[in-house]
Amino acid sequence: MSSPLVVAIDGTSGSGKSSTSRGVADRLGLRYLDTGAMFRAMTCWMLAQGVDVHDPAAVAARCDEPEIVSGTDPLAPTITVDGADVAVAIRSDDVNAAVSPVSAVPEVRARLLRLQRDVIASDGGIVVEGRDIGSVVVPDAPVKVYLSADPSARAIRRAAEQGGADVEATQASLLARDRIDSGRATAPLVMADGAVHIDTTPYSLDEVIGLVVGLVEAAEART
Ligand code: DC
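Just so it is clear, the structure is predicted and the values come from calculations on it, not from any experiment.

*Asks:* Help me get a handle on helix H4 (residues 93–103), residues and values and all.
*Replies:* With respect to burial, H4 is a largely interior element, eight of its 11 residues being buried. Every buried residue of H4 is accounted for by Val95, Asn96, Ala98, Val99, Ser100, Pro101, Val102 and Ser103. Looking at the packing, one finds that the buried side of H4 touches helix H2 (35–49), helix H3 (56–62), helix H5 (106–122) and helix H8 (167–183).

*Asks:* Quick rundown of the site of the ligand? Include the residues and the values.
*Replies:* Around the ligand, the structure places 17 residues, and the nearest of them are Arg40, Arg109, Asp132, Asp181 and Arg184. Note that an oxygen atom of the ligand is positioned 3.0 Å from one of the side-chain N or O atoms of Arg177. Protein burial of the ligand: of its 450 Å² of free accessible surface, 99% is covered by the chains. Listing elements by their share of the shell around the ligand, those giving two or more residues are H2, H4 and H8. The leading source of residues in the shell around the ligand is H2, at four residues. Partitioned by chemical class, the residues of the shell around the ligand number two nonpolar, six polar and nine charged.

*Asks:* A description of the sheet that holds strand E4 (residues 78–81) should follow, citing residues and the corresponding values.
*Replies:* Taken in spatial order, the three strands make up an open sheet running E3-E4-E5, and their pairing is antiparallel. Each end of this open sheet is capped by a strand with a single partner; those strands are strand E3 (68–71) and strand E5 (84–85). Direction of pairing for E3 relative to E4: antiparallel, over a ladder of four bridges. Residue Ile68 lies in a different strand from E4, and its bridge partner there is Val81.

*Asks:* Describe unusual backbone geometry, listing the residues and the values that go with them.
*Replies:* Located in the positive-phi region is Asp82, a residue other than glycine, with phi close to 50°. Inspection of the secondary structure assignment puts Asp82 in the loop between E4 and E5. Classification of Asp82 as partly exposed rests on a relative accessible area of 46%. For Ala187, which is not glycine, the phi torsion reads 50° and is therefore positive. Here Ala187 lies in the loop between H8 and strand E8 (196–199).

*Asks:* A description of the side chain of Ser103 should follow, citing residues and the corresponding values.
*Replies:* Looking at the element boundaries, Ser103 is found in helix H4. Taking the relative accessible area as the measure of exposure, Ser103 reaches 7% and is therefore buried. Those residues within four positions of Ser103 in sequence are excluded, and the remaining contacts are Phe39, Arg109 and Arg184.

*Asks:* How would you explain the packing of H2 against H5 if you had to name every residue and give the values?
*Replies:* Interhelical geometry of H2 versus H5 gives an angle of 135° and a closest axis separation of 11 Å. In terms of orientation, H2 and H5 fall into the oblique class. H5 is crossed by H2, and the crossing has right-handed handedness. In contact with Thr35, Met38, Phe39 and Met42 of H2, H5 contributes Val108, Arg109, Arg111, Leu112, Leu115 and Gln116. Counted by class, the contact of H2 with H5 contains six nonpolar, two polar and two charged residues.

*Asks:* Account for the packing of helix H7 (residues 151–161) against H8, with residues named and values stated.
*Replies:* It is the contact of H7 with H8, at a shortest axis distance of 8 Å, that shows an interaxial angle of 115°. Regarding the angle of H7 to H8, the classification is roughly perpendicular. For the pair H7 and H8, the sense of crossing is right-handed. On the side of H7, the interface is formed by Pro151, Ser152, Arg154, Ala155, Ile156, Arg158 and Ala159, while H8 contributes Val167, Thr170, Gln171, Leu174, Leu175, Arg177 and Asp178. Among the residues forming the contact of H7 with H8, the class breakdown is seven nonpolar, three polar and four charged.

Conventions adopted
Residues numbered from 1 in each chain as written. Predicted model: local features only at pLDDT ≥ 70, side-chain atom pairs only at ≥ 80, totals over all residues. Heavy atoms only, no water. Buried < 20%, exposed > 50% of the residue type's maximum accessible area, 1.4 Å probe, protein only. Helix = DSSP H or I, 4+ residues; strand = E, 2+ residues; numbered from the N terminus. Contact = heavy atoms within 4.5 Å. Near = heavy atom within 4 Å. Polar contact = N/O pair within 3.5 Å; in protein donor to acceptor, adjacent residues only side chain to side chain. Areas by Shrake-Rupley, 256 points an atom, 1.4 Å probe, with all protein chains shown as cover. Nonpolar A, V, L, I, M, F, W, Y, C, P; charged D, E, K, R; others polar. Pairing = 2+ DSSP bridges. Axes fitted to C-alpha atoms, helices over the stretch in contact; angles between N-to-C directions. Parallel < 35°, antiparallel > 145°, perpendicular 65-115°, else oblique. Left-handed = near helix turned anticlockwise from the far one by under 90°.

Structure, rendered in C-alpha cells:
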C-alpha cells in the first residue's frame, strides 16, 4: 500500500490558496490543513497575552505555551487555542498586522512544524496549504502547487472575503506581508523544487480547482 496522498499548496496571501485547497480536498475526499490559521492562532494568543510581537526573543520564550488544534474537514475547518474557538479572531486587522513578524521567529516555526507533521501523519490523505509546505513541511509531497495572482486581483478577492474592506488598504497589507514572508531567514515563501506554478489571475475558482485535481490524478496515475 502506498503512503497517504499529500497535496502541498503554497503561495502568496490572496492567491486563492484557501478556496482552492478546500475545493480540491472536498472533490477528492481528502482532509484539509490551513497552516496559515495555525500561525494566526499563535499570533492571536501572543497579542492576548500582551507579548511584544516585534520582540523575537519574547515571542520565542512563550511559543510552546498555547495548545493549538486544527480540525481538518474541508467543509468546516476549525481552529482552537486552549480550547477556545478563534476562527473569527484570527482574521482581525490586529492579527493581520502581527502575523508575519511572529511567523518569522524560528522557534514558532519549529513548534508549528511539529504540530503540522503530527496532523499530516495522523489519518489518510490531506491537502495542506501555506508558504513552506512543499519546501520544508512535506518536501517529498507527490503533488506541489505554487499559486500566485496579480496584486490587484488578490486585493479585490481578499477585500470581498472581508465583507467589502477597502481594496487599496487591503493590497498594501497583502504586499507588506509578502515582503516579510518572502524575505525572512527561516522557511521563506519560495516556489518549492518540483512545484507547478499556476497564476490564478485569469481563472475562476472552479477552473483552478479543476487544474489542481488534474495534477493529483496525473500523479496518482504515475504510481
Ligand atoms: O495564509 P494566511 O494569509 O492565512 O497566512 C498568514 C501568515 O502566516 C502569512 O502572512 C505568513 C504565515 N505563514 C507562514 O509563515 N507559513 C505558512 N506555512 C503559512 C502561513
